[in-house]
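A structural walkthrough
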Amino acid sequence: MGDRASGMVERTRRSHVGRSSIKTNGTCKEKTFLQAPPAPATFEDRRLWKGFCEIESEPAFFNVMLRRFGVQGVKVQEVVSLDDELLTFLPRPVYGLIFLFKWIEEDPDKQEQSCPEGTSSNACASVALLNIVNNIPNIELGDNLRGFKDFTSDFSPALRGDAIANFDFVKQIHNSFARKMDMLNGDLLLKNEATSKGRGKKRKAEEDENESGFHFIAFVPIGNQLWKLDGLERQPVCLGPIWGDWLSQAKPEIEARMAQYEEGQIEFAILSLVQDPLFNLVPALAENVKSITALSARLDFVKPDWQDFMASSSNGHAVTSEDVLGGVDLNYCLTQEDLNRAKLPEKVVDLCLSDVAQDIMAHRQQLITAQAALRMSIKEELQLNVSDEERAAARSCDYGAMMQSFVRKVMAKKRIEQAGQA
C-alpha cells in the first residue's frame, strides 16, 4: 500500500473533476455561445452555460472555491499517503476525506440506475465539498450555503443532489474556472453520449472505458458514526460506529478501491478537509498581544524604569513595535474584535497581581519569543492563500484564442516558405 499511495502528489495534478454533461429528459441540448468558438469564454458564457466544467483536482482550486462559497475555518490539503505515521501530520481536526478515482462501471447490466433523469452527475467535486462542510458542526457556511442547507434539509438525497446541480450560486463559482475549450469539450461529450445510446453494448462499453470520468466520494464522521457519502448512491452508507481515530476506519474502504487497479496504474488521489490553521493562530496571537500589553502595564506600576533595565540587559537593544505587536494589525488578520474576545491565561492574571518585576519581565520575554513564531506561521498561511488565488487566476485565464492565432501564423509562415521553395 505504501508504494502505491506515495505517488499521489503527481497523480492529483493529472486527475480531473467530473465531466461537464447536462441532461434534460435524457436528451442533449445544443449550446450556442455569444461569441465565435475561438473567442475566450466571457462571464456571460459561464453564467448561461448549464454544465459543470472539468478542472484539475488541485487543492488550491478547492480552497478558492470554499472561500468564494463563504465557508470559513476550513481548508483542503492533499494526503500524500495513508500510512499512519504520515496521517499524523495532517492538521487537526480532520473534518473529512475526499477520495478521487477513475470511475469504471463494474457491471452495467446489473447496476441499478443511481441518479434520476434530469440530474447532473458530474458536479461531484462540488458535491463532495458540500457533503462534508454541511456536516461540520458550528461552521460558518456563508449566507447562500446556509440558506440552501435549511431549504433542502427535508429533501431526499436524490432531490438534494438535483438541487445542487441546479443551484446557480454553486454552479457559477465552479464554472468560474472554465475556459472556452472546457465548455466545448463538455458539450461534445454530452453529444457523443446522447448519440451513442443506439449503438451496440460492446461498442458503447469500449467508449465508456475510454472516456471514464473521475468520481469523488466523501468520508465524514457525523456524530459517533462514520459515513460514506457517494453521489452515485441513493443513500448515505454508514460504515459503523467510530471507536478510535476515524481515519483508520476509512482506510480499508479506500484501500479496497485502490486494490482494483493494476500495479503502476495511478488512477486515484486523496484530499482532506481540515481546520484552517488560521482558525487557531489568530486567536492565539490575540491572546499573546493582550497578555504582553497587560504585563507591560503591570511593569509600569511595579518598576517604572523597566524598559531601561530591559535595554541595558540586552546590550542596548530596546524592544520595538517591529519585535512585538501592541494592538490591531490587519497584516496578521488581528482585529479589535479578536482582542476583545481574547482572555488572559491564568498565569498572566497571577503575574498581573504580582510585585516581582523579574518574574513578570521573564514571562513577557517568553511571550515575545512565542509571538515571533505565531506571526511567522500566520504569514506563511496568508502567503499560501495568495498562492491559491494566483493558481486559480492562472487556471481561469483562457489561452485558446492566443494559441489558435499562434498556430495560424506558424502555418501561414510554413506555406510561404513552401511557396518560395517551389
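From a predicted model like this one, the values you see are computed outputs, not experimental measurements. (Residues numbered from 1 in each chain as written. Predicted model: local features only at pLDDT ≥ 70, side-chain atom pairs only at ≥ 80, totals over all residues. Heavy atoms only, no water.)

Moving on: the packing of aromatic side chains. Counting across every chain of the model gives 6 aromatic pairs. Grouped by ring-pair contacts, the aromatic residues F69, F148, F167 and F169 constitute a single cluster. Above the ring of F177, the side-chain terminus of R68 is found at 5.6 Å from the ring centroid. Here the basic side chain of K379 rests over the ring of Y332, its NZ or CZ set 5.1 Å away from the ring centre. (Phe/Tyr/Trp six-rings, centres within 6.5 Å; stacked < 30°, edge-to-face > 60°. Lys NZ or Arg CZ within 6 Å of the ring centre and 35° of its normal.)

Moving on to the pairing of strand β4 (residues 225–230). The two faces of a sheet get side chains in turn, since along a regular strand they alternate between them. Bridge analysis of strand β3 (residues 214–222) against β4 gives 6 bridges, and the strand direction is antiparallel. Within β4, the position partnered with I222 by the bridge is Q225. Linking β3 to β4, which pair antiparallel, is a turn of 2 residues; within it G223 sits at a positive phi near 65 degrees. Across 3 bridges, β4 lies against strand β5 (residues 237–241) in antiparallel orientation. The partner of W227 across the bridge, within β5, is C238. (Pairing = 2+ DSSP bridges. Helix = DSSP H or I, 4+ residues; strand = E, 2+ residues; numbered from the N terminus.)

So, about the pattern of salt bridges. Side chains that carry opposite charge are capable of pairing whenever their charged atoms lie near each other. All told, the structure shown has 11 salt bridges when counted by the stated rule. Among the charged side chains, a network of salt bridges with common partners joins R67, D388 and E389. (Salt bridge = Lys/Arg side-chain N within 4 Å of Asp/Glu carboxyl O.)

Among the 9 residues in strand β2 (residues 94–102), 8 count as buried, and that is most of the element. Here β2 runs beside β3; their pairing, made up of 6 bridges, is antiparallel. Within β3, the position partnered with F101 by the bridge is H215. (Buried < 20%, exposed > 50% of the residue type's maximum accessible area, 1.4 Å probe, protein only.)

Attention now moves to a nonpolar patch on the surface. Together, F406, V407, V410 and M411 line one region of the surface with nonpolar side chains, adding up to about 360 Å² of accessible area. Position of V410 relative to the elements: it lies in helix α18 (residues 400–421). (Patch = residues over 30% accessible without salt bridge, like charges linked within 9 Å, V, L, I, M, F, W, Y side chains within 5 Å. Areas by Shrake-Rupley, 256 points an atom, 1.4 Å probe, with all protein chains shown as cover.)

A separate point is the nonpolar core. In terms of nonpolar packing, the biggest core is built from 45 residues, with F69, V71 and L273 touching the most fellow members. Element by element, the count of residues in this core is highest for helix α6 (residues 124–133), at 7 residues. If near-sequence neighbours (up to four positions away) are discounted, L273 is found in contact with V74, K75, V76, P93, V94, Y95, G96, I98, L129, I132 and V133. Core analysis: the second largest hydrophobic core is formed by 19 residues, L82, L90, L226 and I254 among them. (Core = buried A, V, L, I, M, F, W, Y, C linked by side-chain atoms within 4.5 Å. Contact = heavy atoms within 4.5 Å.)

Turning our eyes to something else, we now look at the UniProt feature "site: Important for enzyme activity" (unreviewed entry) in the protein chain. According to UniProt, the feature "site: Important for enzyme activity" (unreviewed entry) maps to D230 in the numbering used here. Take D230: it is sitting in strand β4. In this structure D230 comes out as buried when scored by relative accessible area, which is 12%. (UniProt positions renumbered as here; feature names shortened; annotations may be inferred.)

Paired through backbone hydrogen bonds, the strands of a sheet run either parallel or antiparallel to each other. Strand order across the open sheet formed by 6 strands is β1-β6-β2-β3-β4-β5, with antiparallel pairing between neighbours. Whereas interior strands pair on both sides, the edge strands pair on one side only; in this sheet they are β1 (74–78) and β5. With strand direction ignored, the average angle separating the axes of adjacent strands in the sheet is 20 degrees. Against the sheet, helix α4 (residues 59–69) touches β1, β3 and β6 (268–275), its axis set at about 170 degrees to β1. (Axes fitted to C-alpha atoms, helices over the stretch in contact; angles between N-to-C directions.)

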